[in-house]
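Structural characterization, general
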Amino acid sequence: MLSFRFASAAVLALGLAFPTIASAAERLTITLKTGDVVIELAEDVAPQHAARLKALADAGEYDNVAFHRVIEGFMAQTGDVQFADMKDGYQPRRAGMGGSSGPDLQAEFSDKPFVRGTVGMARSQNPNSANSQFFIMFAPAPNLNGQYTVVGEVVEGMEHVDQIKRGDRSRNGAVADPDRMIKVRSGG
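Residues numbered from 1 in each chain as written. Predicted model: local features only at pLDDT ≥ 70, side-chain atom pairs only at ≥ 80, totals over all residues. Heavy atoms only, no water.

So, the overall build of the chain
The helix and strand inventory of the chain stands at 4 helices and 10 strands. Going from N to C terminus, the chain has its helices and strands arranged as α-α-β-β-α-β-β-β-β-β-β-α-β-β. Counting every position in the chain, which comprises 188 residues, the buried fraction comes to 43%. At a minimum sequence separation of 6, the contacts of the chain that also span at least 24 residues come to 67%. For the chain, the exposed area adds up to about 9,900 Å²; of that, 53% sits on carbon and sulfur atoms. (Helix = DSSP H or I, 4+ residues; strand = E, 2+ residues; numbered from the N terminus. Buried < 20%, exposed > 50% of the residue type's maximum accessible area, 1.4 Å probe, protein only. Contact = heavy atoms within 4.5 Å. Areas by Shrake-Rupley, 256 points an atom, 1.4 Å probe, with all protein chains shown as cover.)

Focus on the nonpolar core
Counting residues in hydrophobic clusters, the biggest one holds 33 residues, and the most contacted among them are I30, I39, L53, Y62, F134 and M181. Sorting the residues of this core by element identifies β1 (27-32), β2 (35-41), α3 (47-58), β3 (65-66), β6 (118-121), β7 (134-137), β8 (150-156) and α4 (158-161) as the ones contributing at least two each. Once you skip the residues sitting within four places of it in the chain, F134 turns out to touch I30, L53, Y62, A76, Q77, T78, G79, V119, G120, M121, A122 and M181. With 9 residues, the next largest nonpolar core counts F114, A122, F135 and V150 among its residues. (Core = buried A, V, L, I, M, F, W, Y, C linked by side-chain atoms within 4.5 Å.)

Observations concerning the pairing of β2
Counted residue by residue, β2 has 5 buried out of 7 residues, so it is predominantly covered. One ladder, built from 6 bridges, connects β1 with β2; its direction is antiparallel. Counterpart to T31 in the pairing with β2 is D36. Hairpin remark: β1 followed by β2, antiparallel, with 2 residues in the connecting loop. (Pairing = 2+ DSSP bridges.)

Section: the confidence of the model for the chain
Mean pLDDT over the chain works out to 90, with 87% of the residues at or above the 70 mark. Contacts from residues 1-23, a stretch scored under 50 in pLDDT, to residues over four places away or in other chains number 1 contact. (pLDDT = per-residue confidence, 0-100.)

So, the sheet that holds β1
The sheet built from 8 strands is open, its strands ordered β4-β5-β7-β6-β8-β2-β1-β10 with antiparallel pairing. Where the open sheet ends on each side, the last strands, each with one partner, are β4 (69-71) and β10 (183-187). Strand-to-strand twist of the sheet, defined as the mean angle between neighbouring strand axes without regard to direction, takes the value 25 degrees. In this fold α3 packs onto β1, β2, β6, β7, β8 and β10, with an angle of close to 120 degrees to the strand it touches most, β10. (Axes fitted to C-alpha atoms, helices over the stretch in contact; angles between N-to-C directions.)

As for the environment of A107
Looking at where A107 falls in the secondary structure, it is placed in the loop between β5 (75-78) and β6. Accessibility expressed as a relative area gives 25% for A107, which makes it partly exposed. Not counting residues up to four positions away in its chain, the partners in contact with A107 are H49, P127, N128 and T149.

Next comes the structure, spelled out in structure tokens:
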């Protein structure tokens, strides 16, 4: 019994000494033309959404997808794998209307606020309609809190997000000749 307690204490001590090994969060790395953006996925509050983003990244679905809606002082939206792949079937008039072949996801609202660098899931008026599209916040937007699923946060490379080409505000941020996610990979 004493050796079991000692072994348990040793395992606990190792876990405390190396917390990043035991609790490493899943990450996505998005390569943009100006550099890499690293997103830490919020698996603790949005496990279904985090798993969807990871699966689409692992399948290469996000590679070459446009930032089809970018509004100065608000956010940059991407992730339409159906209509916004700039190397395979790009449809600028439909970009932002599509999703993946997977079903829409049930909302996973949390108390995480929408601040600069927050990654949220895009959806229609139906709270349970998020699929593949997501957005990265340029600035805080408290009006989104509790209304959209927070799926992660930018932990490196926000300066590259700041350089994404902006859209026309009079056209709800639609971007002519948009920037794209060159490659998206998971790992962490």
